[in-house]
Amino acid sequence: MKLSIENIRKFVSDDEIAALKANAEQSLKMLHDKTGEGNDFLGWVNLPSQITESEIDDIQATADKVAKLADFAVVIGIGGSYLGAKAVIEALSHSFVNFKTEKKHPHVIFAGQNISEDYAFELFETLKGHSVAAIVISKSGTTVEPAITFRLIKKYIEDACGIEEARERIVAVTDKARGAMNTIARKNGYKMFVIPDDVGGRFSVLTPVGLLPVAIAGFDIKKLVKGAADMEKATDVNIAFEQNQACIYAAARNALYGKGKNVEILANFNPKLHSLAEWWKQLYGESEGKNGKGIFPASVDFTTDLHSLGQYIQDGKRMLFETVLSVENPKHEFAVPADEENIDGLNFVANKRIDEINKCAEAGTVLAHVDGGVPNIHISVPEISEYSIGQLIYFFEKACGISGYMLGVNPFDQPGVEAYKKNMFRLLGK
Ligand code: PA5
């Protein structure tokens, strides 16, 4: 993974970034020494290097069993209990995976991330006649959205296969000792995986929360963890600021925030990365948006959104900066055909790879946005693979922890998410 902040230099001087070095280094140290706020939620910092072979093997064996039993695996969870798995699976999957009739691995469907009656109805309509397994992921077990969906799916599987068979088809990922889901799983004898006490939802993708669904979808979780573990080393506390990409990204963001750039847009030029941006938005939004502070995390899929939000980014209120997530090499080769008639006037790109055109769109966009007053941070990976996604995940997590401490907030709580629940429960007469 490569990080470049060259295109913020027009907006923030080297001295201004250097002035943040001490704060970034101190924040990194606080993560490692566990001396900052929220220090009981730092289990993710050394997670990649501490996952054991036997933990991975247990996850893989369960995934293989689910894959054998079911052609649909319904993954139930919300927020940090689903966004990471969805991000990784979408990044690694064929773009039209749901239209493939011959599949070696189950279709992974996400549910319990909304309270839409139509979504629920249409989910069960879709499952009808198929062999179904469910992975319920909830630390508390009382989060309304997944709890409702779990009730429905438990009944559905038990009605379809009987209670004994349902036991084989339901897996719970939850707290090791407490909570309603822990109780339900023990009472029913479900296979259980633990969400460590010291890992919050949005930092949990490299625990069974993310690894189990990713393995069920057929991807190599060892390579994912290896990518993260290598990034753990590369951003360790003993790596100097100048070489530590997590520190540099965190410092660059905070420098831009100090200049009134209140919105960060994560932009990709590959739609496979759409859900990675959704995961990133939760990570940064929940971690930094508190006490009246924080950069608002937004995202766009380019070039698609150049035909929509592109107008605002180029010309609207100058409160934005952009972080482009770039993929150097696509998986496949595909070129634009030549056409003798050339009625569409497109022969200037005849025989060019589609990716070459995409890269010109990317370079042209960055140039235009920087010229238009939008500072640009550039992150690139050689290709989309388990390894590179693992690197990106850990990089963003580490930079988020550093950035939150630099901003002066506790990056590991989320008091604001309770407000809507209180009102909803009152309205429901709980
Ligand atoms: O990041 C978080 O902590 C939240 O998004 C939680 O993961 C989310 O609210 C789900 O909670 P639970 O796993 O208890 O159902």
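Sequence order sets the numbering: in each chain, residues are counted from 1 along the sequence as written. Local features in a predicted model are, by the rule used here, given only for residues with pLDDT of at least 70; side-chain atom pairs are given and counted only at 80 or more, and totals for whole chains, interfaces and linings are based on all residues. Excluding hydrogens and water, the side-chain values take into account all heavy atoms of the structure.

**A short note on unusual backbone geometry**
And step 1. Omega for the bond connecting Phe302 with Thr303 falls within 30 degrees of zero, at 5 degrees, which places this linkage in the cis form.
And step 2. Secondary structure counts use DSSP, requiring at least four H or I residues in a row for a helix and at least two E residues in a row for a strand, with both numbered from the N terminus. Note on placement: Thr303 falls in the loop between strand 8 (296-301) and helix 14 (310-315).
And step 3. At Asn342, a residue that is not glycine, the phi angle is positive and equals roughly 55 degrees.
And step 4. Looking at the secondary structure, you find Asn342 in the loop between strand 9 (320-327) and helix 15 (354-371).

**Points about the pairing of strand 5 (residues 170-174)**
And step 1. Partly exposed residues are those whose accessible area sits between 20% and 50% of the maximum for their type, while under 20% is buried and over 50% is exposed, using a 1.4 Å probe and protein chains only. Taking burial as the measure, the five residues of strand 5 include five buried ones, the bulk of the element.
And step 2. The side-chain alternation of strand 5 yields two buried faces, one formed by Ile170, Ala172 and Thr174 and the other by Val171 and Val173.
And step 3. For strand 4 (residues 132-137) and strand 5, the ladder comprises four bridges, and the chain directions are parallel. Bridging from a neighbouring strand, Ile137 pairs with Val173 of strand 5.
And step 4. One bridge is not enough; two strands pair if DSSP finds at least two bridges between them. Both strand 5 and strand 6 (residues 191-194) contribute to a ladder of four bridges, which runs parallel. What sits directly across from Ala172, in strand 6, is Met192.
And step 5. The handedness of the strand 5 to strand 6 crossover, carried by helix 9 (residues 180-188), is right-handed. Handedness of a crossover is defined as follows: orient the strands so they point away from the viewer, and if the path from the first strand over the helix to the second runs clockwise, the crossover is right-handed.

**Concerning the pattern of salt bridges**
And step 1. Here, a salt bridge means any side-chain nitrogen of Lys or Arg that lies within 4 Å of a carboxyl oxygen of Asp or Glu. Counted according to the given criterion, the structure contains 28 salt bridges.
And step 2. Among the ionic contacts, a cluster of salt bridges with common partners joins Asp175, Lys176, Arg178 and Asp197.

**Topic: the domain arrangement of the protein chain**
And step 1. Along its sequence, the protein chain is carved into domain 1 (2-35 + 225-416) and domain 2 (47-219).
And step 2. Taking the mean C-alpha position of each, domain 1 and domain 2 sit 29 Å from one another.
And step 3. On the side of domain 2, 24 residues touch domain 1, which itself brings 28 residues to the contact.
And step 4. Once two parts are put together, the accessible area they lose, assessed with a 1.4 Å probe and summed over both, is termed the buried area. When the area that domain 1 buries against domain 2 is broken down by residue, the three leading residues are Val225, Lys272 and Gln282, summing to 28%.
And step 5. Where domain 1 meets domain 2, there are one salt bridge.
And step 6. Where Glu286 meets Arg202, a salt bridge forms, and the shortest distance between an N and an O atom there is 3.0 Å.
And step 7. Identification of polar contacts relies on pairs of N or O atoms within 3.5 Å, with a donor-acceptor requirement for protein atoms, meaning one able to donate a hydrogen and the other able to accept it, and with residues adjacent in sequence counted only if both atoms are side-chain atoms. Viewed at the interface, domain 2 and domain 1 are joined by ten residue pairs in polar contact (both at pLDDT 80 or more).
And step 8. At the level of elements, helix 11 (221-234), helix 13 (274-288) and helix 16 (386-407) are the ones that each hand at least two residues to the side of domain 1 that touches domain 2.
And step 9. Residue contributions to the side of domain 1 that touches domain 2 peak at nine residues, all from helix 13.
And step 10. Partitioned by chemical class, the residues of the side of domain 1 that touches domain 2 number 14 nonpolar, six polar and eight charged. As annotated, the domain borders come from an automatic or database domain assignment. Should any heavy atoms of two residues lie within 4.5 Å, those residues are considered in contact. Any residue that is not Ala, Val, Leu, Ile, Met, Phe, Trp, Tyr, Cys, Pro, Asp, Glu, Lys or Arg is counted as polar, Gly included; the first ten are nonpolar and the last four charged.

**Quick look at the sheet that holds strand 3 (residues 107-111)**
And step 1. Pairing is parallel in the open sheet, where five strands are placed in the order 3-2-4-5-6. The open sheet has two edge strands, strand 3 and strand 6, and neither has a second partner. With direction set aside, neighbouring strand axes in the sheet form an average angle of 20 degrees.
And step 2. The axes are straight lines fitted to the C-alpha atoms, using for helices just the contacting stretch, and the angles between their N-to-C directions are given from 0 to 180°. In the packing of helix 9 onto the sheet, contacts are made with strand 4, strand 5 and strand 6, and the angle to strand 5 comes to roughly 145 degrees.

**Considerations on the site of the ligand**
And step 1. Any residue with a heavy atom lying within 4 Å of a molecule or strand is counted as near it. In the neighbourhood of the ligand, 13 residues make up the surrounding shell, with Ser81, Ser138, Ser140, Thr143 and Gln282 lying closest.
And step 2. In this structure, an oxygen atom belonging to the ligand sits 2.7 Å away from a side-chain N or O atom of Gln282.
And step 3. Within the complex, 85% of the 380 Å² of free accessible area of the ligand lies under protein.
And step 4. Partitioned by chemical class, the residues of the shell around the ligand number one nonpolar, nine polar and three charged.
And step 5. When we break the shell around the ligand down by domain, the ones giving at least three residues each are domain 1 (2-35 + 225-416) and domain 2 (47-219). Residue-level accessible areas treat just the shown protein chains as cover; the underlying method is Shrake-Rupley with a 1.4 Å probe.

**Concerning the packing of aromatic side chains**
And step 1. Stacked, tilted and edge-to-face are the three classes assigned to paired rings of Phe, Tyr and Trp, where Trp is represented by its six-membered ring and a pair needs centres within 6.5 Å; plane angles under 30 degrees give stacked, over 60 edge-to-face, the rest tilted. Across all of its chains, the model carries 15 aromatic pairs by this definition.
And step 2. Each ring, one from Trp44 and one from Phe412, has its centre 6.1 Å from the other, and the planes form 45 degrees; the classification is tilted. Remark: Phe412 occurs in the loop between helix 16 and helix 17 (418-428) and Trp44 occurs in the loop between helix 2 (21-33) and helix 3 (47-50); sequence separation between them is 368 residues. Phe412 matches Trp44 in its accessibility class, with the two residues each being buried.
And step 3. Arranged with centres 6.3 Å apart and planes meeting at 85 degrees, the rings of Phe150 and Tyr190 form a pair that is edge-to-face. Of the two residues, Phe150 is situated in helix 7 (residues 144-161) and Tyr190 in the loop between helix 9 and strand 6; the sequence distance between them amounts to 40 residues. Across the pair, exposure class does not vary: Phe150 and Tyr190 are buried alike.
And step 4. By the ring-pair criterion, three or more aromatic residues cluster together here, those being Trp44, Phe203, Tyr394, Tyr405 and Phe412.
And step 5. Any Lys NZ or Arg CZ that is within 6 Å of a ring centre and within 35 degrees of that ring's normal is treated as a charge sitting over the ring. Looking at Lys191, its charged tip hangs above the ring of Phe193, at a distance of 4.8 Å from the centre.

**Details of the environment of Ile76**
And step 1. Here Ile76 is to be found in strand 2 (residues 72-76).
And step 2. For Ile76, a relative accessible area of 0% puts it in the buried group.

**Focus: the pairing of strand 10 (residues 376-381)**
And step 1. Counted residue by residue, strand 10 has five buried out of six residues, so it is predominantly covered.
And step 2. Across three bridges, the pairing between strand 1 (residues 2-4) and strand 10 is antiparallel. When the sheet's bridge partners are listed, Lys2 is paired in strand 10 with Ser380.
And step 3. As paired strands, strand 9 and strand 10 are joined by six bridges and run parallel to one another. Its bridge partner being in strand 10, Val324 is matched across the sheet by His378.
And step 4. Note that the unit made of strand 9, helix 15 and strand 10 has a crossover that is right-handed.

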